[in-house]
Amino acid sequence: MTLVDAAAVTHALAEVCVNIDDSDATALLLHVRAVRDANRQFNLTRIDDPGDMLRLHIADSLAFLRHVPDLPGPIVDLGSGAGYPGIPLAVVLRSHVVLCESTHKKAEFLKSVVADLGLDAEVVSERAEILAQERPRFAGTVVARAVSSLAALVELAAPLLHTGGLLVALKGSPPTDESTQAARIAPRCGMAPVAVERYQLPGGEQRSVYVYRKESEPSYPLPRRPGAAQRQPLA
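Remember, it's a predicted structure, so these values are computed and weren't measured experimentally.

Draft legend 1. The arrangement of the overall build of the protein in detail. If you tally the helices and strands in the protein, you get 9 helices and 7 strands. Since a compact globule built from 235 residues should have a radius of gyration of about 18 Å, the 17 Å found for the protein is in line with a globular shape. Each of the three principal axes of the protein carries a C-alpha extent, and together these read 50 × 35 × 30 Å. At a minimum sequence separation of 6, the contacts of the protein that also span at least 24 residues come to 68%. Here the protein displays about 10000 Å² of accessible surface, and carbon together with sulfur accounts for 49% of that area. Computed over 24 positive and 27 negative side-chain charges, the separation of the two mean positions in the protein equals 7 Å.

What follows is the structure, encoded as structure tokens:
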């Protein structure tokens, strides 16, 4: 097991061109420790070594900021899971973040982290479609990391975003047909692709960030029922 401290957190983020202060590093390290503690009781993440977590969770959550530095708020983290990227974004950007996580145990864990770290964040234990029904067009940015296909994310993000808002989808190296399908359905969702950036993590892992902007209201009634975006993508 790799032992890490706040200085290691700072160094890991400097390698991806994200500069933080000591209080940020301490908060991010406390989050790592909370994830590891909770992981002993229920499955939060398969990545459990602290050194790997620095690179594959913390750095991976924030490396895209050099390519997409301006995220209008509030920010919604879809499928937040163990809190990546939502918790690091709340820590570093000091922006209001809504952590959307439908699994009750994970949501309760996130609530404890938010309280312990004193973050400007809230946890919503709902599916994205339900959140969109309750708070339509309230978000400035929707971010999702390793959650669903691009087409599904475009559909899920559209009713949550106000006009001009951004979907920021963090991916590895998705197949070309995934981005093609998303580009095909985007106009029906009032969304338009605006950027794709590819980069590497310090360990050489390939990553990409896909950015879409909401240009208008969807021409198709959204949100659909929970799960439809994943099971039956729009044609």
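Draft legend 2. Structural view of the sheet that holds strand E5 (residues 161-171). Strand order in the open sheet formed by 7 strands is E3-E2-E1-E4-E5-E7-E6, and the pairing between neighbours is mixed. Looking at which strands have only one partner, the edges of the open sheet turn out to be strand E3 (121-124) and strand E6 (191-200). On average, each strand axis in the sheet is inclined to that of its neighbour by 20°, with strand direction left out of account. Examined bridge by bridge, strand E2 (residues 97-100) and E3 share 4 bridges and lie parallel to one another.

Draft legend 3. Region of the structure containing the packing of helix H2 (residues 22-39) against helix H3 (residues 50-62). Put simply, H2 and H3 touch, their axes get as near as 11 Å, and they point 110° apart. Here H2 lies roughly perpendicular to H3, going by the angle between them. As H2 packs across H3, the resulting crossing turns out to be right-handed. Together, Leu 28, Val 32, Val 35 and Arg 36 of H2 and Pro 50, Met 53 and Ile 58 of H3 make up the contact between the two elements. Class assignment of the residues belonging to the contact of H2 with H3 gives a composition of 6 nonpolar, no polar and 1 charged.

Draft legend 4. Expanded view of the side chain of Ser 208. Summarising the element assignment, Ser 208 is placed in strand E7 (residues 206-214). In this structure the side chain of Ser 208 is engaged in a polar contact, spanning 2.7 Å, whose partner is the backbone oxygen of Gly 172. Those residues in contact with Ser 208 that sit more than four places away from it in its chain are Ala 169, Leu 170, Lys 171, Gly 172, Pro 174, Glu 197, Arg 198 and Tyr 199.

Parameters and conventions
- Residues numbered from 1 in each chain as written.
- Predicted model: local features only at pLDDT ≥ 70, side-chain atom pairs only at ≥ 80, totals over all residues.
- Heavy atoms only, no water.
- Helix = DSSP H or I, 4+ residues; strand = E, 2+ residues; numbered from the N terminus.
- Rg over C-alpha atoms; globule rule 2.2 N^0.38 Å.
- Contact = heavy atoms within 4.5 Å.
- Areas by Shrake-Rupley, 256 points an atom, 1.4 Å probe, with all protein chains shown as cover.
- Lys, Arg positive; Asp, Glu negative; His and termini not counted.
- Charge placed at Lys NZ, Arg CZ, Asp CG, Glu CD.
- Pairing = 2+ DSSP bridges.
- Axes fitted to C-alpha atoms, helices over the stretch in contact; angles between N-to-C directions.
- Parallel < 35°, antiparallel > 145°, perpendicular 65-115°, else oblique.
- Left-handed = near helix turned anticlockwise from the far one by under 90°.
- Nonpolar A, V, L, I, M, F, W, Y, C, P; charged D, E, K, R; others polar.
- Polar contact = N/O pair within 3.5 Å; in protein donor to acceptor, adjacent residues only side chain to side chain.

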